[in-house]
Amino acid sequence: MGEKGRLLSVSDLRVHFAGKKSGVMGKPQPIQVVNGLSFDLFRGETLGLVGESGCGKTTLGRALIRLGHPVVTGKIEFEGQEISAIGNREFRSLRKEMQMIFQDPFGSLNPRLTVGQMLGEVLQVHGIARGEAARKRIEELLDVVGLNREYVSRYPHQFSGGQRQRIGIARAIAVNPKFIICDEPVSALDVSIQSQIINLLKDLQRDLGLTYLFIAHDLSVVEYISDRVAVMYLGKIVEIAESGELYANPQHPYTKALLSAIPNPEFGAKKERILLTGDLPGPLNMPSGCSFHPRCPVATAECSHREPKLQEHNNNGHQVSCLLYE
Ligand code: SF4
C-alpha cells in the first residue's frame, strides 16, 4: 500500500496528562501515557490495536480526534494534511470525517433524546439534512444498522446492549466519515451479539469504504476483523504485522505471552501458556531500557539499560521492538 493509500499517518506521538503536585512547592509530574508512537493507516483497512488495559490504547484513540484534554506532541496527518498543527476551529470542520464508537454506548447516548431526535440533531449540526430529508435519512440509517424503523421514537433505556451499540454505529456513520475509531465496541456484549456487531462493522466497511482503528483486548475478536494488528505495551507499539503473520509468527515475547492465553479451539490440543509475572508498571514508574524487561521471561542484562527500536527484519512489513532481533 503506497503513499496514495495512506489515510492517517502518526509520527512520534506522545500524550501526557498533568499529574498531581508533589508537596506545596513541587511541580506537577506529567503522566506520560503514549510514549513516541508511529504508525500508518491505509484506506479501507482495519488496524487492530491490542494490549492490556492501561497500556494507552484508548488514550491514543481519543488523542487522535482531540477528545479530553491531554497534552499531545508529535505529528498526525490525515489525508496528507497535518491536523496536529491546526487550531480547534479548523479541526472541528474535519472532525466529522473521524468518528468514534465507544465501549459503553449507553454512556455516550443522551438518555433524554429518542433515537430519532439524537440522529436528527447529528444530521442538523453537521449540515447534512433537516426536516423531511433528515427523517428519510434516519430511516435509512436504522435499516443499515439492522434496527426496526419503528424504534425511532424509543429512548436509549428501552434497548438491549447490542441494539444500543447499533445506535452508536448509526450515529457514527450518519455524518459519512472516512475513519472510525472503534474503542472496545463489543467487550461489554454477550458472545453471540459480539459476532453480529463485528459482522455489521465488516459489512459497513465494505459498503462505505470505511477505515477502522479497532481497539480491543480480546485477541480472537481482533484477529477476525483486522487486516493488520499492532501490539501496545506501556504507551508504545512493540510489534506490528499483517494479522495472519502476527498470529502465526509472533516475535515479541509480550505478543507471544498474549497469544498463548487464547484458548485453543481444537479439542484436546495443547498449547503452552506463557505466564507473565508482575503487574503492568504505571506511567509514573516506567522501567529503564526495554520497558517490558521486568516481566520478560527471556530478558538479558542489556535489556534493563538499552531501549530497542521498532524495526522490520524480514522485508514483509512485520516490525518488532526487541533487542533479541537487533
Ligand atoms: Fe524481552 Fe529484552 Fe526483548 Fe525487551 S528487549 S522484549 S526485555 S528480550
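Refer to the preceding data block for the structure.
Residues numbered from 1 in each chain as written. Predicted model: local features only at pLDDT ≥ 70, side-chain atom pairs only at ≥ 80, totals over all residues. Heavy atoms only, no water.

Participant: Describe in detail the pairing of strand β3 (residues 46-50), supporting the description with residues and values.
Facilitator: Strand residues, when the strand is regular, have side chains that alternate between the two faces of the sheet. Counting buried positions along β3 yields 5 of 5 residues, so the element is predominantly enclosed. Residues Thr 46, Gly 48 and Val 50 line one face of β3 and the alternating positions Leu 47 and Leu 49 line the opposite face, and both faces are buried. As judged from the 4 bridges shared by β3 and strand β8 (residues 211-215), these two strands associate in the parallel manner. Considered in β8, the bridge of Leu 49 is made with Ile 215. Bridge analysis of β3 against strand β9 (residues 228-233) gives 4 bridges, and the strand direction is parallel. Pairing of Leu 49 across the sheet is with Ala 230, part of β9. (Buried < 20%, exposed > 50% of the residue type's maximum accessible area, 1.4 Å probe, protein only. Helix = DSSP H or I, 4+ residues; strand = E, 2+ residues; numbered from the N terminus. Pairing = 2+ DSSP bridges.)

Participant: Lay out the packing of helix α4 (residues 115-125) against helix α6 (residues 161-173) in plain terms, naming residues and giving numbers.
Facilitator: Following both chains from N to C, one finds α4 and α6 inclined at 20 degrees, their axes separated by 9 Å at the closest point. Accordingly, the angle class assigned to the pair α4 and α6 is roughly parallel. Where α4 crosses over α6, the two elements pack in a sense that is right-handed. Here α4 contributes Val 115, Met 118, Leu 119 and Val 122 to the contact with α6, which in turn contributes Ile 167, Ala 170 and Arg 171. Here the contact of α4 with α6 is built from residues that sort into 6 nonpolar, no polar and 1 charged. (Axes fitted to C-alpha atoms, helices over the stretch in contact; angles between N-to-C directions. Parallel < 35°, antiparallel > 145°, perpendicular 65-115°, else oblique. Left-handed = near helix turned anticlockwise from the far one by under 90°. Contact = heavy atoms within 4.5 Å. Nonpolar A, V, L, I, M, F, W, Y, C, P; charged D, E, K, R; others polar.)

Participant: Help me get a handle on the packing of α4 against helix α5 (residues 131-144), residues and values and all.
Facilitator: Packed helix pairs are characterised by how far apart their axes lie and by the angle those axes make with each other. Packing of α4 against α5 leaves a shortest axis separation of 10 Å and a crossing angle of 115 degrees. The orientation of α4 with respect to α5, classified from their angle, is roughly perpendicular. The two elements α4 and α5 cross, and the hand of that crossing is right-handed. Of α5, the residues touching α4 (which contributes Val 115, Gly 116, Leu 119, Gly 120 and Leu 123) are Ala 134, Arg 137, Ile 138 and Leu 142.

Participant: Tell me about the site of the ligand, residues and numbers included.
Facilitator: Around the ligand sit His 252, Pro 253, Cys 290, Phe 292, His 293, Cys 296, Val 298, Ala 299, Cys 303, Cys 322, Leu 323 and Leu 324, and those are all the residues in its vicinity. When atom positions are compared with the pocket grids, the ligand is found to occupy the largest cavity. Partitioned by chemical class, the residues of the shell around the ligand number 10 nonpolar, 2 polar and no charged. (Near = heavy atom within 4 Å. 1 Å grid on protein atoms, 1.4 Å probe; cavity = no way out; pocket = protein on both sides within 12 Å on 5 of 7 lines; lining within 4 Å. Sits in = over half its atoms within 2 Å of the grid points.)

Participant: Describe the pairing of β8, listing the residues and the values that go with them.
Facilitator: Of all 5 residues in β8, 5 are buried; the element is thus mostly enclosed. Because side chains alternate across β8, one face comprises the buried residues Thr 211, Leu 213 and Ile 215, and the other comprises Tyr 212 and Phe 214, equally buried. Here strand β7 (residues 179-183) pairs with β8 via 5 bridges, running parallel. In the sheet register, Ile 180 faces β8, and the bridge partner there is Tyr 212.

Participant: Could you give me a rundown of the layout of surface pockets, with the residues and numbers involved?
Facilitator: By volume, the largest pocket is sized at about 390 Å³. Every residue lining the largest pocket is counted, 17 residues in all, and those nearest its centre are Ile 65, Arg 66, Leu 67, Asn 88 and Phe 91. Counting residues per element, the ones that place at least two in the lining of the largest pocket are α1 (57-64), β4 (71-78) and α2 (88-94). Among the residues making up the lining of the largest pocket, the classes are represented as 9 nonpolar, 5 polar and 3 charged. (Points joined across faces, edges and corners; volume = space filled by probe spheres on them.)

Participant: Residue-level account of α5, with values.
Facilitator: Taking 1.5 Å of rise per residue, the 14 residues of α5 would be expected to cover 20 Å, and the 20 Å separating its terminal C-alpha atoms lies within 8% of that figure. When we look at burial in α5, the residues that qualify are Ala 134, Arg 137, Ile 138, Leu 141 and Leu 142. All buried residues of α5 project into a common sector of 140 degrees when viewed along the axis, lining one side. Positive backbone phi, approximately 80 degrees, marks Gly 146, located one or two places after α5. (Expected span 1.5 Å × (residues − 1). Arc of directions from axis to C-beta.)

Participant: Tell me about the packing of aromatic side chains, residues and numbers included.
Facilitator: According to the stated counting rule, one finds 5 aromatic pairs in the structure shown. Here Tyr 151 and Phe 159 contribute two aromatic rings whose centre-to-centre distance is 5.6 Å and whose plane-to-plane angle is 75 degrees, an arrangement assigned as edge-to-face. You'll find Tyr 151 and Phe 159 in the same group, each marked buried. An aromatic cluster is present here, built from Tyr 233, Tyr 254 and Phe 292 joined pairwise through their rings. The ring of Phe 91 is capped by Arg 66, whose NZ or CZ atom sits 4.3 Å from the centre of that ring. The ring of Tyr 224 is capped by Lys 202, whose NZ or CZ atom sits 4.3 Å from the centre of that ring. (Phe/Tyr/Trp six-rings, centres within 6.5 Å; stacked < 30°, edge-to-face > 60°. Lys NZ or Arg CZ within 6 Å of the ring centre and 35° of its normal.)

Participant: For the sheet that holds β7, give the residues involved together with the corresponding values.
Facilitator: Strand pairing in a sheet relies on backbone hydrogen bonds, with the paired strands running either antiparallel or parallel. Spatial ordering of the open sheet is given by β6-β7-β8-β3-β9-β10-β12-β11, a layout of 8 strands whose pairing is mixed. In the strand order of this sheet, the two ends are held by β6 (98-101) and β11 (311-312), each with one partner. Its contacts with the sheet put helix α10 (residues 253-260) on β9 and β10 (236-242), and the angle it makes with β9 is roughly 105 degrees.

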